[in-house]
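Descriptive structure summary
If you want the building blocks of each chain, they are given just below.
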Amino acid sequence: MLAILFCLVNVGGFVNVMGAHCIGDINGDGYRDRYDYGLLALAYGSVMGSPRWNPAADLVGDPTDFDPYLPDGDVDRYDFGVLAQVYGVPCPPPP
Ligand SMILES: [Ca+2]
Ligand SMILES: [Ca+2]
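Because the structure is a prediction, the values reported are computed rather than measured. (Residues numbered from 1 in each chain as written. Chains lettered and ligands numbered in written order. Predicted model: local features only at pLDDT ≥ 70, side-chain atom pairs only at ≥ 80, totals over all residues.)

A word on the overall build of the protein chain
Scanning the protein chain from terminus to terminus reveals 3 helices and 0 strands. Starting at the N terminus, the α and β elements of the protein chain follow one another as α-α-α. Within the protein chain, the proportion of its 95 residues that are buried is 26%. For the protein chain, restricting intrachain contacts to residue pairs at least 6 apart in sequence, the fraction spanning at least 24 positions comes to 46%. (Helix = DSSP H or I, 4+ residues; strand = E, 2+ residues; numbered from the N terminus. Buried ≥ 20, exposed ≤ 12 C-beta atoms within 10 Å, placed from the backbone. Contact = placed C-beta atoms within 7 Å.)

Observations concerning the nonpolar core
Residues I23, L40, A57, L59, V82 and L83 are the most contacted members of the largest nonpolar core, which totals 13 residues. If you list the elements that add at least two residues to this core, you get α2 (34-43) and α3 (77-86). At 3 residues, α3 tops the list of elements feeding residues into this core. Residues within four places of L83 in sequence aside, it is in contact with G24, D36, Y37, L40 and L59. (Core = buried A, V, L, I, M, F, W, Y, C linked by C-beta atoms within 7 Å.)

As for the environment of A41
Position of A41 relative to the elements: it lies in helix α2. Given 14 C-beta atoms within a 10 Å radius, A41 is considered partly exposed. For the pair A41 and V75, spaced 34 residues apart in sequence, the C-alpha to C-alpha distance is 9.0 Å.

Some remarks on α3
Within α3 the residues assigned to the buried category are D79, V82, L83 and V86. For α3, the arc enclosing every buried residue in end-on projection is 95°, short of the 170-degree limit, so these residues lie on one face. Residues of α3 that are exposed and point over 90 degrees away from its buried face: R77, G81 and A84. Once α3 finishes, G88 follows within two positions and takes phi at roughly 85°, a positive value. (Arc of directions from axis to C-beta.)

A word on the confidence of the model for the protein chain
The pLDDT averaged across the protein chain works out to 83; a share of 79% of its residues lies at or above 70. Within the protein chain, α2 carries the highest mean pLDDT (98), whereas helix α1 (residues 2-15) carries the lowest (39). (pLDDT = per-residue confidence, 0-100.)

A look at the environment of L59
Tracing the sequence through the fold places L59 in the loop between α2 and α3. For L59, a count of 30 C-beta atoms within 10 Å gives the class buried. Between the C-alpha atoms of L59 and D74, which are 15 residues apart in sequence, the distance is 9.0 Å.

A word on the environment of D76
Position of D76 relative to the elements: it lies in the loop between α2 and α3. The class of D76 is partly exposed, set by 18 C-beta atoms lying within 10 Å. In sequence terms D76 and A43 are 33 residues apart; their C-alpha atoms lie 8.7 Å from each other.

If you want it as C-alpha cells, here you go:
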C-alpha cells in the first residue's frame, strides 16, 4: 500500500502541472490540506468545459482507463480518493 501511494505521489508530480508540483496540492501552495479539499469539492462532478471545471482537481483517471494515473477530464471519486490518500503528506521540494 505504501509503495502504491509513493508511486501515485511521484507520478502526480509530473502529471498534475496545472497548479501544483505534487499530486493533491490543487492550489499549488506546497501543502495538501483542507483548502485543496475545498477546491476539489467545488469541482466535484465537473467535466472538462463545464462551469465548475478545475483542471488542477483532476488528479487521476479511472482504474479502467488505459493509464489510470493520467487525468481523464473529470473530477470524480477517484480524484477524491487520491487526495484522501495523500492528505497531510508533505509535498517534496519543488524541482
Ligand atoms: Ca495545497
Ligand atoms: Ca479524474
